[in-house]
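Below are the chains, spelled out letter by letter.
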Amino acid sequence: PSDFTLTGRGAKKVIVLGAGVAGLATAYELGKAGYDCTVLEALDRVGGRNWTIRGGDRITELDGSTQIARFSDGIYMNAGPARLAQWMVTMDYCRELGVDLEVFTNSNAQTYIFNASAGMTAPVTWRTAKADVYGYISELLATATDGGALDAKLTAQDKDRLLTFLRGFGAIGTKANGYAYTGSGDRRGYSTDPGAGEQPGVPLGPVPSLSDVLASGVGQRFSFELGYDQAMLMFQPVGGMDAIPKAFAEAIGRHKIWLRSKVTRITDLPNGVEIEYQDKNGKVRTVKGDFCVAAMPPHLLARTPHNLGPDVQAALATPTVTSSGKIGLEYRRRWWETDENIYGGITNTDLDLSVVWYPSYGYGKRRGLVIGYYNNGANQDAYAALPHAEREKRAIEQGMKIHGAKYRDELVTSVSVSWKRQPFIEGAWVGWPSRTGAYQLLNRPAGHVHFAGDWLSYLIAWQAGALESARKTVTDLHQRVLAH
Ligand code: PHE
């Protein structure tokens, strides 16, 4: 992908519903092409799920329960999107909008895997887990290859080449010692690191048996970092993900984005659209345009009165809403760096916290913020059902299984966000039963109303999906305008 420009000018008035990433990109691109856009946003901020929480910010849930973030200066929490893959169009918008990027560490040999239900009694670092899994798999495959078990699949030359590969891949022994994996070499790490003079380092031991390594299930975690959307390098905006919506809002013109304006009705007219909304004083008003781009979540559009017909209504109600959420834990001391040599990255577990994220910013500073859970489905629902103080307590109890008492003792303050409980959002992302029918219908305009959002893309739960959808929608709309 690259920077995007509509060809030719349009002068129509477009009402954009929602100042999330899709709505902002829509207004930005249409604005560049000459359109007059007004963006209606129910919240008192832009960005939607792209939400960075800092000290002083207020987090209010649907039931009215409220947290005030007490984070220190310079500490922030990306409650929603937090990582960008290099191939995603989000990178191009950061370039175009002047948003500075830095590496987000998505995988790190120094972080842990902890599968408690598989009987692991202590977390193991990714480096050690990989040494053992690669080592034993290589030993097995080398033995089978050399013993002739794979002769139907391999030529003599294939076998030589495979054995050469496996020797290096698994750091295993020679033919003479049975291609054995013995944990030798430095891959597993050390209990005392190599140093000066007479200190060669004390290798980390003992090496578990093949059977124990298989039973631990650690190898099942390795596929994560190979995913097209999760492979390193990944990036984040410097200072918080909300640099993206803020830059969009500046480029669009803040006066064109009406905050605290809640859409209450969408009416398609013979020659345009009329949008009814409640303004920041609670007064019901209407605004007219030639077109509308509805860039709100589908489940909220499904609850908004409209005259777009029963098929559109049924389509809007089709996707299922996923729950997800995070807790941000501020610590008085960056113990993950000083005590555990972890500078960013993610610990993966089968605990209900799912993961622990260490910050990819602020290395070596005094305080820091760890994501203490980022979970979805039933695990998230269990946390979401609790008041914040109980979420914190549960997250700390779970996290202590990995990091011990300092995980509780060094805590300063915390904030949790459960996306299903956030007003005017009410979900983390959606899933479609299929990409035919409802999905296809909403990827086309209904009268003068076009739709946009990550939910209309194959990149659901990524800002890139919202941006790609906005580009498609403005292209469709513009072509329609130019054709008249
Ligand atoms: N984009 C989100 C994330 O990276 C959600 C997601 C997770 C989407 C995994 C796809 C795969 O956490």
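Residues numbered from 1 in each chain as written. Predicted model: local features only at pLDDT ≥ 70, side-chain atom pairs only at ≥ 80, totals over all residues.

- Looking up the protein in an unreviewed UniProt entry gives the name Flavin monoamine oxidase family protein, with the organism given as Sphaerisporangium rhizosphaerae.

A short note on the overall build of the protein
- The secondary structure content of the protein amounts to 14 helices and 26 strands.
- Oriented by its inertia axes, the alpha-carbon framework of the protein measures out at about 85 × 55 × 40 Å.
- Out of the 484 residues belonging to the protein, those deemed buried represent 43%.
- A separation of at least 24 residues holds for 69% of the contacts in the protein among residues at least 6 apart in sequence. (Helix = DSSP H or I, 4+ residues; strand = E, 2+ residues; numbered from the N terminus. Buried ≥ 20, exposed ≤ 12 C-beta atoms within 10 Å, placed from the backbone. Contact = placed C-beta atoms within 7 Å.)

Overview of the packing of helix 3 (residues 126-146) against helix 4 (residues 156-170)
- Interaxial distance between helix 3 and helix 4 falls to 9 Å at its minimum, and their mutual angle equals 160°. One element, helix 3, and the other, helix 4, form an angle in the roughly antiparallel class. Pair helix 3 / helix 4 crosses with left-handed handedness. Every residue of helix 4 that contacts helix 3 at Tyr-134, Gly-135, Ile-137, Ser-138, Glu-139, Leu-141, Ala-142, Thr-145 and Asp-146 is listed here: Lys-159, Leu-162, Leu-163, Leu-166, Phe-169 and Gly-170. (Axes fitted to C-alpha atoms, helices over the stretch in contact; angles between N-to-C directions. Parallel < 35°, antiparallel > 145°, perpendicular 65-115°, else oblique. Left-handed = near helix turned anticlockwise from the far one by under 90°.)

Some words on the UniProt feature "domain: Amine oxidase" (unreviewed entry) in the protein
- Residues annotated in UniProt with the feature "domain: Amine oxidase" (unreviewed entry) correspond here to residues 21-477.
- Helix and strand shares over residues 21-477 are 30% and 23% respectively, and the end C-alpha atoms of the span are 18 Å apart. (UniProt positions renumbered as here; feature names shortened; annotations may be inferred.)

Digging into the packing of helix 1 (residues 21-32) against helix 6 (residues 243-252)
- Two elements in contact, helix 1 and helix 6, have axes whose closest approach is 9 Å; the angle formed by their N-to-C orientations is 30°. Here helix 1 lies roughly parallel to helix 6, going by the angle between them. Every pair of crossing elements has a handedness; the one defined by helix 1 and helix 6 is left-handed. Across the interface between the two elements, Val-21, Leu-24, Ala-25, Ala-27, Tyr-28 and Gly-31 of helix 1 pack against Ile-244, Pro-245, Phe-248, Ala-249, Ala-251 and Ile-252 of helix 6.

Focus on the site of the ligand
- Every residue lining the ligand is accounted for by Arg-83, Asp-229, Ala-461 and Trp-462.
- Here the residues of the shell around the ligand sort into 2 nonpolar, no polar and 2 charged. (Near = placed C-beta within 6 Å. Nonpolar A, V, L, I, M, F, W, Y, C, P; charged D, E, K, R; others polar.)

Things to note about the environment of Thr-318
- In this fold, Thr-318 is placed in the loop between helix 8 (310-316) and strand 19 (320-322).
- The class for Thr-318 is buried, based on 20 C-beta atoms found within 10 Å.
- Taking C-alpha positions, Thr-318 is 9.8 Å from Gly-437, a pair spaced 119 residues apart along the chain.

Some thoughts on the environment of Gly-344
- Mapped onto the elements, Gly-344 comes out in the loop between helix 9 (335-338) and strand 21 (345-349).
- Note: C-alpha distance between Gly-344 and Pro-208 (136 residues apart in sequence) is 27 Å.
- Sequence-distant contacts of Gly-344, that is, excluding residues within four places in its chain, are made with Thr-105, Asn-108, Tyr-358, Pro-359 and Ser-360.

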